[in-house]
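# Residue-level structure breakdown
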Amino acid sequence: MGELATEKHVRYILSVEKRKDNFESVVMEHLRMNGAYWGLTTLDLLGKLHTVDVDEVVSWLMSCQHDSGGFGGNVEHDPHILYTLSAVQVLSLFDKLDVIDVDKVTSYIVSLQNEDGSFSGDMWGEVDTRFSYIAICCLSILHRLDKINVEKAVKYIIFFFFGFISCKNMDGGFGCTPGGESHAGQIFCCVGALAITGSLDLVDKDLLGWWLCERQVKSGGLNGRPEKLPDVCYSWWVLSSLIMIDRVHWISKEKLIKFILDCQDTENGGISDRPDDAVDVFHTFFGVAGLSLLEYPGLKPVDPAYALPVDVVNRIIFTK
Ligand code: 3PZ
Ligand code: ZN
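Residues numbered from 1 in each chain as written. Chains lettered and ligands numbered in written order. Predicted model: local features only at pLDDT ≥ 70, side-chain atom pairs only at ≥ 80, totals over all residues. Heavy atoms only, no water.

### A look at the overall build of the protein
Each helix and strand counted, the protein has 14 helices and two strands in total. Its C-alpha radius of gyration of 19 Å places the protein within 12% of the 20 Å reference for a compact globule of 320 residues. With respect to the principal axes defined by its C-alpha atoms, the protein has extents near 50 × 50 × 40 Å. A sequence separation of at least 24 residues applies to 68% of the contacts in the protein between residues at least 6 apart. (Helix = DSSP H or I, 4+ residues; strand = E, 2+ residues; numbered from the N terminus. Rg over C-alpha atoms; globule rule 2.2 N^0.38 Å. Contact = heavy atoms within 4.5 Å.)

### Section: the pattern of salt bridges
All chains considered together, the criterion is met by 14 salt bridges. Ionic pairing is found between Asp146 and Lys147, a salt bridge with its closest N-O pair at 3.5 Å. When its relative accessible area of 57% is taken as the criterion, Asp146 is described as exposed. Among the ionic contacts, a cluster of salt bridges with common partners joins Asp44, Lys300 and Asp311. (Salt bridge = Lys/Arg side-chain N within 4 Å of Asp/Glu carboxyl O. Buried < 20%, exposed > 50% of the residue type's maximum accessible area, 1.4 Å probe, protein only.)

### What about the confidence of the model for the protein?
Chain-level statistics for the protein give a pLDDT mean of 91 and a share of 91% at 70 or above. Counting contacts from residues 169-173, a segment whose pLDDT is below 50, to residues more than four positions away or on other chains yields seven contacts. Across residues 175-181, where pLDDT falls below 50, the model places 14 contacts with residues more than four positions away in sequence or in other chains. (pLDDT = per-residue confidence, 0-100.)

### Section: unusual backbone geometry
With glycine set apart, most residues show a phi of negative sign, and most peptide bonds adopt trans. Phi angles above zero are rare outside glycine, and Asp276 is one such case at about 75 degrees. In this fold, Asp276 is placed in the loop between α12 (253-262) and α13 (281-293). The phi torsion at Glu295 lies on the positive side, around 60 degrees, for a residue other than glycine. Relative to the helices and strands, Glu295 is located in the loop between α13 and α14 (310-318). Judged by its relative accessible area of 61%, Glu295 is exposed.

### Some details on the packing of helix α3 (residues 32-45) against helix α5 (residues 81-93)
Running from N to C, α3 and α5 cross one another at 30 degrees; their axes reach a closest spacing of 8 Å. With respect to α5, the axis of α3 lies roughly parallel. For the pair α3 and α5, the sense of crossing is left-handed. When α3 is examined against α5, the residues Met33, Asn34, Ala36, Tyr37, Leu40, Thr41 and Asp44 are found in contact with a partner set consisting of Leu82, Tyr83, Ser86, Ala87, Gln89, Val90 and Leu93. Its residues placed into classes, the contact of α3 with α5 shows nine nonpolar, four polar and one charged. (Axes fitted to C-alpha atoms, helices over the stretch in contact; angles between N-to-C directions. Parallel < 35°, antiparallel > 145°, perpendicular 65-115°, else oblique. Left-handed = near helix turned anticlockwise from the far one by under 90°. Nonpolar A, V, L, I, M, F, W, Y, C, P; charged D, E, K, R; others polar.)

### Quick notes on the packing of α3 against α13
Running from N to C, α3 and α13 cross one another at 35 degrees; their axes reach a closest spacing of 9 Å. The handedness of the crossing between α3 and α13 comes out as left-handed. Residues Gly35, Tyr37, Trp38, Gly39, Thr41, Thr42 and Leu45 of α3 pack against Val281, Phe282, Thr284, Phe285, Phe286, Val288, Ala289 and Ser292 of α13.

### With respect to the site of ligand 1
Neighbouring residues of ligand 1: 11 residues in total, closest Leu31, Asp231, Asp280, Phe282 and His283. Here a nitrogen atom of ligand 1 and a side-chain polar atom of His283 are 3.1 Å apart. Starting from 690 Å² of accessible surface for ligand 1 in isolation, the protein chains cover 52%. For the shell around ligand 1, the secondary-structure elements that each account for two or more residues are α2 (23-28), α11 (232-244) and α13. A total of three residues in the shell around ligand 1 trace back to one element, the largest contributor, which is α13. Class assignment of the residues belonging to the shell around ligand 1 gives a composition of eight nonpolar, one polar and two charged. (Near = heavy atom within 4 Å. Polar contact = N/O pair within 3.5 Å; in protein donor to acceptor, adjacent residues only side chain to side chain. Areas by Shrake-Rupley, 256 points an atom, 1.4 Å probe, with all protein chains shown as cover.)

### Structural notes on helix α9 (residues 184-196)
When the terminal C-alpha atoms of α9 are compared, their 18 Å separation across 13 residues agrees well with the 18 Å that a helix rising 1.5 Å per residue should span. Counting buried residues in α9 gives 12 out of 13 residues, a clear majority hidden from the surface. For α9, the set of buried residues is Ala184, Gly185, Gln186, Ile187, Phe188, Cys189, Cys190, Val191, Gly192, Ala193, Leu194 and Ile196. Of the residues one or two after α9, Gly198 is the one with positive phi, at around 70 degrees. (Expected span 1.5 Å × (residues − 1).)

Written as structure tokens, this is what we have:
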């Protein structure tokens, strides 16, 4: 089994920022704020965040903020809760949360909570449990969870879980969710939001843990739902959920480490969704973060709920 090509991955992450003319950058242009979070958190986990020009990142990031308090995916792009969390996460990596008007960002997120406790992603109103996680994670980082109705937010997520569990297949596996496919990414959002709000006692950990550990396939990789191919990003969604509900010993850590390492481009750096596919920043981040959760040597530990380095989360929690 090969080793983690740390130096190559650092060079790959730094090079993505410089290439502005290829297909990947055109696709990524409107979600550059997410890309910044994926790339910079990867660098931090690899111990290389100091190679980045903090002032350059922070001044670009601040130019993406709107009067509403929300952030866009890039300069002159509409605000959305998706980019607002990434902006807050990037600032927390650099210990630069003091550059934002916290009450303004808070009021943007508060304005997106609906009567039933759910959250919309932006002013257009699409509702998703992903946005519940984002709102809760973001407000927790800003020490402003008391500004939303947490009880209603939690009730909405638990309602989602009931739908998930009531969609049991004949074989006992979960096959669907109300209004959509069951998806490990969605499970992560719900479990993460419940972890941050201290409500994990509300989930059936054995039942959920069993569905999650069934995601490991022969190659050692994890898939997002039954019958699907494994994908490195599910190493994160599934593994972090298993850790949060204390059932990580139900999968083979060794086999998963091998699968993630097999997805590296050992020549040019970066990690892909599965072996021999093209690399991208997204899968490089989730591959490295997954290895961190698996306690791979030489990586900073990552927090499974906040998806930030543990030292960053501790700094946030212990400074007020
Ligand atoms: C990818 N997005 O909709 S996206 C994403 N996917 O913005 C970023 N695993 O084509 C990159 N699939 C690559 N760099 C893929 C983010 C998706 C997830 C697609 C994907 C990942 C399998 C098919 C949704 C957080 C945020 C966003 C998502 C999930 C979690 C794409 C396709 C989609 C997207 C971007 C690029 C290259 C990178
Ligand atoms: Zn993926």
